Amino acid sequence: TDYAWRNNPEKVIDFYNKRRKEMCGVIPNKAHDIIASLEGKFDVTIVTQNVDNLHEKAGSTNVIHLHGNITKLRSDYNCDTKKEYDRDLKIGDVCEEGGQFRPDIVLFGENLDLHTLDSAKRSARNADICIVIGTSMKVSPANEIPWETKEHAIIYYIDPSDINFPIPRDRSTTFVQIKKIASEGIEEVIPVNKKEYKRMSRTLIELRDENIELKMELAELRNKNIEQQKKFEELKINENMLRVFNE
């Protein structure tokens, strides 16, 4: 935590020295490999909340780490001063400005780097396809990023659990859940080519527009029904008045 770093930096450094060593022997899984292969056909940007470098190990070249990267160090004095975390860190390892180096991780209690978050949102706004994997969509502000995509962008949500978060009404027709684990679900959204995705996107937009038209027609019918009910009530009132008059 941020509190731990300020009050017991040695303990935090020891914790991340151990985590870094553990990560050295971890290899990417099938999902990492498939995502990396997409760069051969598409302009791919990965936005991850994980602090490992498994996407890079798999071959992905454009990765935005929202919560930092355990393979990097940054100065506690100047966040822009970074270097490789390739050996154990210790108290006294400082940058040229005199700031203590620390793992380049966003600790609990710290804010995300605004420049990194802005880069992630800009990438989302340029996306035609958004694949969301391995997240509950509960952690803010990361859970806002998929909704930054274009209105017609297809959003694939790969997770075996039931959806437990709100989906904006205007995105419901372009939001597709695949209830499988990452390594299985990602295979179902592997694009054949860009034209195929554009065709799918157009189809979803057409379905959404048809749905909007049907809702408008339903609203018109509902309004006509209300008008007819009003006329019927008026006729009943007039009939009653006429009956009273005749009596």
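Residues numbered from 1 in each chain as written. Predicted model: local features only at pLDDT ≥ 70, side-chain atom pairs only at ≥ 80, totals over all residues. Heavy atoms only, no water.

## Things to note about the overall build of the chain
Argument step 1. In terms of regular secondary structure, the chain is built from 7 helices and 8 strands.
Argument step 2. By the burial criterion, 34% of the 247 residues in the chain qualify as buried.
Argument step 3. Counting contacts in the chain only where the partners sit at least 6 residues apart, residues at least 24 apart contribute 53% of the total.
Argument step 4. Approximately 16000 Å² of the chain is accessible, and the part contributed by carbon and sulfur atoms is 52%. (Helix = DSSP H or I, 4+ residues; strand = E, 2+ residues; numbered from the N terminus. Buried < 20%, exposed > 50% of the residue type's maximum accessible area, 1.4 Å probe, protein only. Contact = heavy atoms within 4.5 Å. Areas by Shrake-Rupley, 256 points an atom, 1.4 Å probe, with all protein chains shown as cover.)

## Side note on the side chain of Asn-69
Argument step 1. Along the chain, Asn-69 falls in strand E3 (residues 68-75).
Argument step 2. Within the local environment of Asn-69, its side chain forms a polar contact with the side chain of Thr-71, the two groups lying 2.9 Å apart.
Argument step 3. Those residues within four positions of Asn-69 in sequence are excluded, and the remaining contacts are Val-51, Asp-52, Asn-53, Glu-56, Asp-104 and Ile-105. (Polar contact = N/O pair within 3.5 Å; in protein donor to acceptor, adjacent residues only side chain to side chain.)

## Digging into the packing of aromatic side chains
Argument step 1. Under the defined criterion, the tally for this structure stands at 5 aromatic pairs.
Argument step 2. A ring pair is formed by Phe-15 and Tyr-16, whose centres lie 5.0 Å apart and whose planes are at 90°; its orientation type is edge-to-face.
Argument step 3. The class for Phe-15 is partly exposed, based on a relative accessible area of 40%.
Argument step 4. Through a chain of ring-to-ring contacts, the aromatic side chains of Trp-147, Tyr-157, Phe-165 and Phe-175 assemble into a single cluster.
Argument step 5. Across the ring face of Tyr-85, the terminal group of Arg-20 is positioned such that the distance to the ring centre comes to 5.3 Å.
Argument step 6. Between the NZ or CZ atom of Arg-102 and the centre of the ring of Trp-5, over which it lies, the distance is 5.6 Å. (Phe/Tyr/Trp six-rings, centres within 6.5 Å; stacked < 30°, edge-to-face > 60°. Lys NZ or Arg CZ within 6 Å of the ring centre and 35° of its normal.)

## What about the sheet that holds strand E4 (residues 82-84)?
Argument step 1. Within the open sheet, the 3 strands sit side by side as E4-E3-E5. Their pairing is antiparallel. Each having just a single partner strand, E4 and strand E5 (101-105) make up the two edges of the open sheet. Going from strand to strand, the sheet's axes swing by 45° on average, the running direction of each strand aside.
Argument step 2. Sitting on the sheet, helix H2 (residues 9-24) touches E3 and E5, and the angle it makes with E3 is about 140°. (Pairing = 2+ DSSP bridges. Axes fitted to C-alpha atoms, helices over the stretch in contact; angles between N-to-C directions.)

## Some thoughts on the sheet that holds strand E8 (residues 175-178)
Argument step 1. Strand order across the open sheet formed by 3 strands is E6-E7-E8, with parallel pairing between neighbours. Strands with a single pairing partner mark the edges of an open sheet, and in this sheet they are strand E6 (129-133) and E8. For this sheet, the mean angle separating the axes of adjacent strands, direction not counted, is 20°.
Argument step 2. By the bridge criterion, 4 bridges tie strand E7 (residues 154-158) to E8 in an arrangement that is parallel. Within E8, the position partnered with Tyr-157 by the bridge is Gln-177.

## A look at helix H5 (residues 114-125)
Argument step 1. Taking 1.5 Å as the rise per residue, H5 with 12 residues should run 16 Å; its terminal C-alpha atoms sit 16 Å apart, in good agreement.
Argument step 2. All of the buried residues in H5 are Thr-116, Leu-117, Ser-119, Ala-120, Lys-121 and Ala-124.
Argument step 3. Structurally, H5 contributes buried residues whose contacts are with strand E1 (46-48) and strand E2 (63-65). (Expected span 1.5 Å × (residues − 1).)

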